[in-house]
Amino acid sequence: SQQGEEDPQALSIQEGENATMNCSYKTSINNLQWYRQNSGRGLVHLILIRSNEREKHSGRLRVTLDTSKKSSSLLITASRAADTASYFCARETTDSWGKLQFGAGTQVVVTP
Amino acid sequence: GAGVSQSPSNKVTEKGKDVELRCDPISGHTALYWYRQRLGQGLEFLIYFQGNSAPDKSGLPSDRFSAERTGESVSTLTIQRTQQEDSAVYLCASSLVQFSGNTIYFGEGSWLTVV
């Protein structure tokens, strides 16, 4: 069963705008990872944040983690049409070492 | 290989038939995972293999599902007596070592349709 939720389920923005999506979870984690999926096929790893970290950056991506609220956010700045995809957070919980648990994802559409 | 390879990419089968899905992990990756993704949903963990350790089968939904792995290479996911609810994309992933915080790399998936 899935261990958390992404919010919103869908997001539609215009190029140049920022996109923010959130991920909540229920049990303690070792780390949280964000993945991107195009067209319902393979997932691509974007960024990993460990439980003792609060923020990480990678290019136009910024991830935050608040373990007290059991939540994470992914921010895509200056979005592009090519950012259109589904974004998933995946948790490695402390009781399932090495095994990732995925949420239902946020579907992002960026229009030119 | 350059990436995780899965075959077939698409499979249509009749209800009640058995199907086999194959995964070739990245060379040298000792950990291998199978996930299932139904249309519009997230990924459901099915099973993972790590080296010579006993596989974690805790995600397999029923005894119609089984998986094998040959050493640290190819894995086969078998679904017996397929049902319509088995229709989904089956994603395989591998990682160099199974330790906390390791990045896993996904294949493109096998899309299974049971009619």
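Look up: the structure comes first, before these words.
Here we summarise the structure given alongside this text. Keep in mind it's a predicted model, so treat the numbers as computed, not measured. All residue numbers here refer to positions counted from 1 along the written sequence of the relevant chain. Written order determines the labels here, with chains lettered from A and ligands numbered from 1. Per-residue local features of the predicted model are confined to residues with pLDDT of at least 70, and side-chain atom pairs are confined, for both listing and counting, to 80 or more; whole-chain, interface and lining totals are unaffected and use all residues. The basis for the side-chain values is all heavy atoms of the structure; hydrogens and waters are excluded.

## Thoughts on unusual backbone geometry
Consideration 1: Following Asp7(A), the chain continues to Pro8(A) via a peptide bond in cis, the omega torsion being 0°.
Consideration 2: Labels follow the DSSP assignment, with helices taken as runs of H or I lasting at least four residues and strands as runs of E lasting at least two, numbered in each case from the N terminus. Inspection of the secondary structure assignment puts Pro8(A) in the loop between strand 1 (4–7) and strand 2 (10–14).
Consideration 3: Ser7(B) connects to Pro8(B) through a cis peptide bond whose omega is -10°.
Consideration 4: The backbone of Lys70(A) shows a phi angle near 50°, a positive value even though the residue is not glycine.

## Quick notes on the sheet that holds strand 6 (residues 65–69) of chain B
Residue and element names in this part refer to chain B.
Consideration 1: The strand order 1-3-7-6 describes an open sheet built from four strands, whose pairing is antiparallel. The open sheet is flanked by strand 1 (5–7) and strand 6, the only strands paired with a single partner. On average, each strand axis in the sheet is tilted by 15° relative to the strand beside it, whichever way the strands run.
Consideration 2: Examined bridge by bridge, strand 3 (residues 19–24) and strand 7 (residues 75–79) share five bridges and lie antiparallel to one another. Looking at strand 7, one finds that Leu21 is bridged to Leu77. One bridge is not enough; two strands pair if DSSP finds at least two bridges between them. As a rule, the C-alpha atoms of each element are fitted with a line to give its axis, helices using only the stretch in contact, and angles between N-to-C directions run from 0 to 180 degrees.

## Topic: the interface of chain B and chain A
Consideration 1: In what follows, a contact means two residues having at least one pair of non-hydrogen atoms within 4.5 Å. Contacts between chain B and chain A engage 27 residues on the former and 22 residues on the latter.
Consideration 2: Across the interface of chain B and chain A, roughly 1,800 Å² is buried in total on both sides, 49% from carbon and sulfur atoms.
Consideration 3: Whenever Lys or Arg places a side-chain nitrogen within 4 Å of a carboxyl oxygen from Asp or Glu, that contact is recorded as a salt bridge. Inspection of the region where chain B meets chain A yields zero salt bridges.
Consideration 4: Those elements that provide at least two residues to the side of chain B that touches chain A are strand 4 (31–37), strand 5 (43–50) and strand 8 (88–95) of chain B.
Consideration 5: Residues are grouped as follows: nonpolar covers Ala, Val, Leu, Ile, Met, Phe, Trp, Tyr, Cys and Pro; charged covers Asp, Glu, Lys and Arg; every other residue, Gly included, is treated as polar. Tallied by class, the residues present in the side of chain B that touches chain A amount to 11 nonpolar, 14 polar and two charged. Values labelled buried area give the accessible surface lost by two parts on being combined, using a 1.4 Å probe and summing over both.

## Overview of the state of the cysteines
Consideration 1: Any cysteine sulfur atom paired with another within 2.5 Å is treated as part of a disulfide. Under the definition given, this model contains two disulfides over all chains.
Consideration 2: Paired through a disulfide, Cys23(A) and Cys89(A) show a sulfur-sulfur distance of 1.9 Å. Across the disulfide from Cys23(A) to Cys89(A), rotation about the S-S bond amounts to roughly 65°, and the bridge is consequently right-handed. With a gap of 66 residues between them, Cys23(A) in strand 3 (residues 19–25) and Cys89(A) in strand 9 (residues 85–93) connect regions that are remote in the sequence.
Consideration 3: Each residue is assigned to one of three classes by its accessible area relative to the maximum for its type, calculated with a 1.4 Å probe on protein chains only: buried under 20%, partly exposed between the two thresholds, exposed over 50%. By relative accessible area, Cys23(A) is classed as buried at 1%.
Consideration 4: Residue Cys89(A) is classed as buried on the basis of its relative accessible area of 0%.
Consideration 5: For Cys23(B), the disulfide goes to Cys92(B), at an S-S distance of 1.9 Å.

## Side note on the nonpolar core
Consideration 1: Residues belong to one nonpolar core when they are buried, are Ala, Val, Leu, Ile, Met, Phe, Trp, Tyr or Cys, and are joined through side-chain atoms within 4.5 Å. Formed by 21 residues in total, the largest nonpolar core has its most connected members in Met21(A), Leu32(A), Trp34(A), Leu46(A), Leu74(A), Ile76(A) and Tyr87(A).
Consideration 2: Counting only elements with at least two residues in this core, the list comes to strand 3, strand 4 (29–37), strand 5 (43–50), strand 7 (61–66), strand 8 (71–76), strand 9 and strand 11 (106–111) of chain A.
Consideration 3: No other element matches strand 3 of chain A, which puts four residues into this core.
Consideration 4: Excluding its chain neighbours within four sequence positions, the residues that come into contact with Ile76(A) are Glu17(A), Asn18(A), Ala19(A), Met21(A), Arg60(A), Leu61(A), Asp83(A) and Tyr87(A).
Consideration 5: In terms of nonpolar packing, the next biggest core, distinct from the first, is built from 20 residues, Trp34(B), Ile47(B), Leu60(B) and Cys92(B) among them.

## Side note on the environment of Gln14(A)
Residue and element names in this part refer to chain A.
Consideration 1: Within the secondary structure, Gln14 sits in strand 2.
Consideration 2: With relative accessibility at 46%, the residue Gln14 sits in the partly exposed group.
Consideration 3: Put simply, Gln14 and Pro112 are 98 residues apart on the chain and 6.0 Å apart in space, counted from C-alpha to C-alpha.
Consideration 4: In this structure Gln14 touches Ser79, Val110 and Thr111, once residues within four positions along its chain are discounted.

## Some thoughts on the packing of aromatic side chains
Consideration 1: Side-chain rings of Phe, Tyr and Trp, where Trp is taken by its six-membered ring, are said to pair if the distance between their centres is within 6.5 Å; with planes under 30 degrees apart they count as stacked, over 60 as edge-to-face, and otherwise as tilted. The full count for this structure, using the stated rule, is nine aromatic pairs over all chains.
Consideration 2: Between Tyr33(B) and Tyr35(B), the ring centres sit 6.5 Å apart and the planes meet at 25°, which makes this aromatic pair stacked. Summarising the burial analysis for this pair, Tyr33(B) and Tyr35(B) share the class buried.
Consideration 3: Ring centres 5.6 Å apart and planes at 55° place the aromatic pair Tyr33(B) and Tyr48(B) in the tilted group. Pair noted here: Tyr33(B) is in strand 4 and Tyr48(B) is in strand 5, with a separation of 15 residues, a long-range link. This pair shows no difference in class: Tyr33(B) is buried, exactly as Tyr48(B) is.
Consideration 4: Every member of this aromatic cluster is reached through a ring pair, and the members are Tyr35(A), Phe102(A), Tyr33(B), Tyr35(B), Phe45(B), Tyr48(B) and Phe106(B).

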